[in-house]
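# Descriptive analysis of the structure
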Amino acid sequence: MKLEQALHAARALVLADLAAGEVARADIVSLVEDAIAHRRWWVEQWPEGVAYVAGLVAQDVQDALLERYGRWPLCPVCTTGGDLHALDVEPELGPDPHWVCGKTAVAVAPVGSLGTTL
């Protein structure tokens, strides 16, 4: 039960961030479902990792989007100079993941809360 709750929560958080960036199209939502399926298997192999699922799903979706569509989510902190870059998920493997600007180390928002900053 704890695994399913964590997976549903991770799905909801990442979908909220995609919606905030207005990129929650059907083909992109399919990437979320792929990430959830992969992380279900991963947590079944390492049950102690259940607390890390939200951040890992966010990273998985971010990686899949980069390969197919481009950077996401774009950093709202560094808007001048033309150097567009994506936010990073920190910690990479840990609970309470946040979107962070890798250049300035500014925590922009918790995963699932980009709607408050974009």
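As a reminder, the structure under discussion sits directly above these lines.
Keep in mind the model is a prediction, meaning the values are calculated, not measured. (Residues numbered from 1 in each chain as written. Predicted model: local features only at pLDDT ≥ 70, side-chain atom pairs only at ≥ 80, totals over all residues. Heavy atoms only, no water.)

## Some words on the pattern of salt bridges
Side chains bearing opposite charge may pair, as long as their charged atoms lie close to each other. This is how the line gets drawn: Think of a salt bridge as a Lys or Arg side-chain nitrogen and an Asp or Glu carboxyl oxygen that are within 4 Å of each other. Here a strand is any run of E in DSSP of at least two residues, a helix any run of H or I of at least four, and the numbering for each starts at the N terminus. Accessible area is worked out with a 1.4 Å probe on protein chains only. A residue is then buried under 20% of its type maximum, exposed over 50%, and partly exposed in between.
Tallied over the full model, the rule gives 4 salt bridges. The partner of Glu4 in a salt bridge is Arg40, and the shortest N-O contact between them spans 3.0 Å. Of the two residues, Glu4 is situated in helix α1 (residues 2–20) and Arg40 in helix α2 (residues 26–45); the sequence distance between them amounts to 36 residues. On the accessibility criterion, Arg40 (26% relative accessible area) is partly exposed. Across the salt bridge formed by Asp27 and Arg25, the nearest N and O atoms sit 3.5 Å from each other.

## A word on the environment of His85
Quick note on the threshold: Two residues qualify as a contact provided that any one of their heavy atoms is within 4.5 Å of a heavy atom in the partner residue.
The topology assignment puts His85 in the loop between α3 (53–68) and β1 (88–90). For the pair His85 and Asp27, spaced 58 residues apart in the sequence, the C-alpha separation amounts to 23 Å. Setting aside anything within four residues of it in sequence, one finds His85 in contact with Arg71, Pro73, Leu74, Cys75, Cys78, Cys101 and Lys103.

## Here we look at the side chain of Gln59
Locating Gln59 in the fold gives a position in helix α3. Owing to a relative accessible area of 17%, Gln59 belongs among the buried residues under this scheme. Not counting chain neighbours up to four residues away, the residues in contact with Gln59 comprise Val89, Pro91 and Glu92.

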